[in-house]
Amino acid sequence: MNKNSNNNDSELIEKVKNGNEGAFNFLMNKYYPRVYASLLSFTKSREDSEDIAQQTFLKVWQQISTFRGDSAFFTWVYRIAINLAKNYVASSSYKKQRMNTSIEDGEIEIRSYEDSELNLIHEESMKDIQNFINTLPESLKTAFSLREHDGLSYEEISKITETPIGTVRSRIFRAREAVVDFISTELKSYE
Amino acid sequence: MSDIKERLSALYDGELDSRDVDSVLEELEADKNLQKTLSLYSLIGLSFANESKVTDMDKFKAKKNKNIFANIWVTNSLTAAASIILTLFIINYADLSRMNISIDSTNKIASAVNSREAKEIVANSDQFLVDHIMNVINDPSFMNSNPIDLRNVGYTSSGGQNIGYSRGNEKFKLRIENKNFGLKKIRYWKHGNKMIYVVPISNGRVVTLYGNISAASAIEIANSINQ
């Protein structure tokens, strides 16, 4: 992710603090892959990584009121995940502490990821995506790269490319959609 | 449709006009395809984020069968545990496919979020104790402390700043905390060929022993400090 994306979550965070489940789901979908991937590298266990990632976002939901915005939101989430992962490493009773998932009515729906959507995160697909992005029209490629690689804001991209912010937004969206279409039509064949 | 997706893209980037945020969230809640799109945006972002961390990808020969192959290097930034966990791992296809949470699992997670049990899990987290153990393992100076006379139980101390204690084959360092981490029983960990004991003693304190030492000796020492 990038600096601006992290910094500009504040509006959604405020909504989560006010109990907005949609905003929570959005943020969770946005950051779950990074949290999971980090935990997987730490625990080496898929099951434990899932457990800890779920506990991480459970804590995020429960403790969001304590987030003051001193750091980027993801940094705060990451810190929670790290602490839980440390707990996992050091505590022999960790497995006994796994979340009980068979209880009571829910108030939060946590979205899931599709297997097929995850298949793109591997070496060949990464290369394919990069190759595909290189085939995009220069204007789309530039805006998208400045956003995804360099983490620049729309305003910064607007100044660099000397185009209106609305055009920047449109170009990034069109580039993103092109990659999504590419994944859907080409990389699905990897399954 | 493209308009909502463009707004979703802008929201993903944190660039959507505040007046439009609620409407996008509402449409997102109701539209599974839109949710899928968001997931893809996120995963593409992850791919880009990891791109700079990809190391010597070309050293890994691409497998012909794409069904069974997937590799990505992920840097482990959790350096606190670096001595006991490898810092680099390959996440393979099977691992990543596990990122999927089934609908059933999702619903169960949802059910658990505000449950009493879940809150107890959070409340009982012993992260402070874990941080303590991580310091013991990773900070060479952490176990340096004021000398304690253990001659009554047969241990002699080495001099200097780096104080250690020994008796026969047993060699260890010792540290006393004025907090007990909520411990009521002895906790211990094995780190390499060394042991870490955290033993609650009187006045809400704990004694931490780190080195080549048996549990019986650790208890004996803790009891002697208690006296």
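Reading the values: rules and limits
- Residues numbered from 1 in each chain as written.
- Chains lettered and ligands numbered in written order.
- Predicted model: local features only at pLDDT ≥ 70, side-chain atom pairs only at ≥ 80, totals over all residues.
- Heavy atoms only, no water.
- Buried < 20%, exposed > 50% of the residue type's maximum accessible area, 1.4 Å probe, protein only.
- Helix = DSSP H or I, 4+ residues; strand = E, 2+ residues; numbered from the N terminus.
- Pairing = 2+ DSSP bridges.
- Core = buried A, V, L, I, M, F, W, Y, C linked by side-chain atoms within 4.5 Å.
- Axes fitted to C-alpha atoms, helices over the stretch in contact; angles between N-to-C directions.
- Parallel < 35°, antiparallel > 145°, perpendicular 65-115°, else oblique.
- Contact = heavy atoms within 4.5 Å.
- Nonpolar A, V, L, I, M, F, W, Y, C, P; charged D, E, K, R; others polar.

J.: Before we move on, can you summarise the pairing of strand E6 (residues 187–191) of chain B with the specific residues and values?
T.: Residues and elements named next belong to chain B. Burial along E6 is one-sided: the residues Arg187, Trp189 and His191 are buried and none of Tyr188 and Lys190 is. Bridge analysis of E6 against strand E7 (residues 194–201) gives five bridges, and the strand direction is antiparallel. By the bridge assignment, Trp189 is partnered in E7 with Ile196.

J.: Kindly report on the nonpolar core, identifying the contributing residues and their values.
T.: Of all hydrophobic cores here, the largest spans 67 residues; its most connected members are Phe26, Phe57, Val60 and Phe73 of chain A. If you look at the next biggest cluster of nonpolar residues, it comprises 18 residues, including Tyr197, Ile201, Ile221 and Ile225 of chain B.

J.: If you had to explain the side chain of Thr37 of chain B to someone new, which residues and values would you point to?
T.: Note on placement: Thr37 of chain B falls in helix H3 (residues 32–51). Residue Thr37 of chain B is classed as buried on the basis of its relative accessible area of 4%.

J.: Explain unusual backbone geometry residue by residue, including any values.
T.: The backbone of Glu162 of chain A shows a phi angle near 55°, a positive value even though the residue is not glycine. With respect to the helices, strands and loops of the structure, Glu162 of chain A is situated in the loop between helix H9 (154–161) and helix H10 (165–185). A residue is classified by how much of its surface remains accessible, and Glu162 of chain A, at 71% relative accessible area, is exposed. Not every positive phi belongs to a glycine, and Asn203 of chain B is a case in point at roughly 60°. Looking at where Asn203 of chain B falls in the secondary structure, it is placed in the loop between E7 and strand E8 (205–212). Residue Asn203 of chain B is classed as exposed on the basis of its relative accessible area of 71%.

J.: Talk me through the packing of H9 of chain A against H10 of chain A; I want residue IDs and the actual numbers.
T.: Residues and elements named next belong to chain A. With their axes 9 Å apart at the nearest point, H9 and H10 run at an angle of 105° to one another. Here H10 runs roughly perpendicular to H9, going by the angle between their axes. The segment H9 lies against H10, with Tyr154, Glu155, Ile157, Ser158 and Thr161 engaging Ile165, Val168, Arg169 and Ile172. Here the contact of H9 with H10 is built from residues that sort into five nonpolar, two polar and two charged.

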